[in-house]
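Chain residues, written in single-letter form:
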Amino acid sequence: MGQLRTVALREARYFMKEYRDVIQEAPFQFQADMLFVVRAIGMLSGMAAALDPDFDVWAKTLPYARQYAKEALEEGWPEWLQIAFNPLQSAFRLPGRMEQTLNQARRGKLVVRVSLAPDTRKCLNRLNRSVNRLSLMLLGTGFILASAILYTGRPDETGWTVPAVLAALVFIRAMGNSGE
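Residues numbered from 1 in each chain as written. Predicted model: local features only at pLDDT ≥ 70, side-chain atom pairs only at ≥ 80, totals over all residues. Heavy atoms only, no water.

Helix and strand content of the chain: five helices and zero strands. The N-to-C order of helical and strand elements in the chain reads α-α-α-α-α. Put simply, the chain has 180 residues, and 8% of those count as buried. Long-range pairs, those at least 24 residues apart, make up 55% of the contacts in the chain between residues at least 6 apart in sequence. (Helix = DSSP H or I, 4+ residues; strand = E, 2+ residues; numbered from the N terminus. Buried < 20%, exposed > 50% of the residue type's maximum accessible area, 1.4 Å probe, protein only. Contact = heavy atoms within 4.5 Å.)

Following this line, the structure appears as structure tokens:
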């Protein structure tokens, strides 16, 4: 058993080195219970090898694992059957659904709904607010220029104050939009 442990560790290291990228990028996850069981078996085999190098942990646990797997399969066979049957049902319905979709496309009645991701929606809202602020700032700048032109033409008249007040109101409004 002591020799088996060193061989098993060497093989595990090789396996992890060779298949690390595949394991890390795999689209599935192990259940936490399964990871705890594997960890417990590893710890028990290490303790058993330290206490008695001739003790074979696998020979003692294999009958229990077989019995557990047998019971799990016997109890869960309807679920396994349903899991196997679902893709077949979808496969049989697929041609009809494809025909229906193609008919809708031919009639011009095909509707495709799309929605933006939340981050994209936030970016678009921020961009929209920025464009609105920029538009208000340009409008305010136009009022300031109009006020300046009117003031330079006739400084003694008060006609230049209307565009100046409008510019101030537009700038205040633009600043109020910055926090939305």
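With 84% of its residues at a pLDDT of 70 or more, the chain shows a mean pLDDT of 80. Mean pLDDT values over the elements of the chain span from 65, in helix α1 (residues 2-25), up to 89, in helix α4 (residues 118-153). (pLDDT = per-residue confidence, 0-100.)

Time to look at helix α3 (residues 57-107). Glycine 76 marks where α3 bends most, by close to 65°; the proline proline 78 follows one to four residues later. Once α3 ends, the next one or two residues include glycine 108, with phi positive near 75°. (Bend = angle between axes of the 7 residues up to and from the residue.)

The description of an aromatic ring pair uses the distance of the two centres, along with the angle that the planes make with each other. One pass over the full model with this rule turns up one aromatic pair. With 5.1 Å between their ring centres and 80° between their planes, tyrosine 151 and tryptophan 160 make a pair best called edge-to-face. (Phe/Tyr/Trp six-rings, centres within 6.5 Å; stacked < 30°, edge-to-face > 60°.)

Moving on to the pattern of salt bridges. Counted under the stated rule, the structure contains one salt bridge. The partner of arginine 154 in a salt bridge is glutamate 157, and the shortest N-O contact between them spans 3.9 Å. We classify glutamate 157 as partly exposed; its relative accessible area is 41%. (Salt bridge = Lys/Arg side-chain N within 4 Å of Asp/Glu carboxyl O.)

This paragraph deals with the side chain of serine 147. With respect to the secondary-structure elements, serine 147 resides in helix α4. In contact with serine 147, other than residues within four places in its own chain, are Trp160, Pro163 and Ala164.

What follows deals with α4. When the terminal C-alpha atoms of α4 are compared, their 53 Å separation across 36 residues agrees well with the 52 Å that a helix rising 1.5 Å per residue should span. Along α4, the residues classified as buried are Leu136, Gly140 and Ser147. (Expected span 1.5 Å × (residues − 1).)

Turning our eyes to something else, we now look at the environment of glutamine 67. Mapped onto the elements, glutamine 67 comes out in helix α3. One polar contact links glutamine 67 to glutamate 71, side chain to side chain, over a distance of 2.8 Å. (Polar contact = N/O pair within 3.5 Å; in protein donor to acceptor, adjacent residues only side chain to side chain.)

To continue, consider a nonpolar patch on the surface. A contiguous nonpolar surface patch, about 460 Å² in accessible area, is contributed by Val162, Val165, Leu166, Leu169 and Ile172. Judged by relative accessible area, leucine 166 falls into the partly exposed class, the value being 35%. (Patch = residues over 30% accessible without salt bridge, like charges linked within 9 Å, V, L, I, M, F, W, Y side chains within 5 Å. Areas by Shrake-Rupley, 256 points an atom, 1.4 Å probe, with all protein chains shown as cover.)

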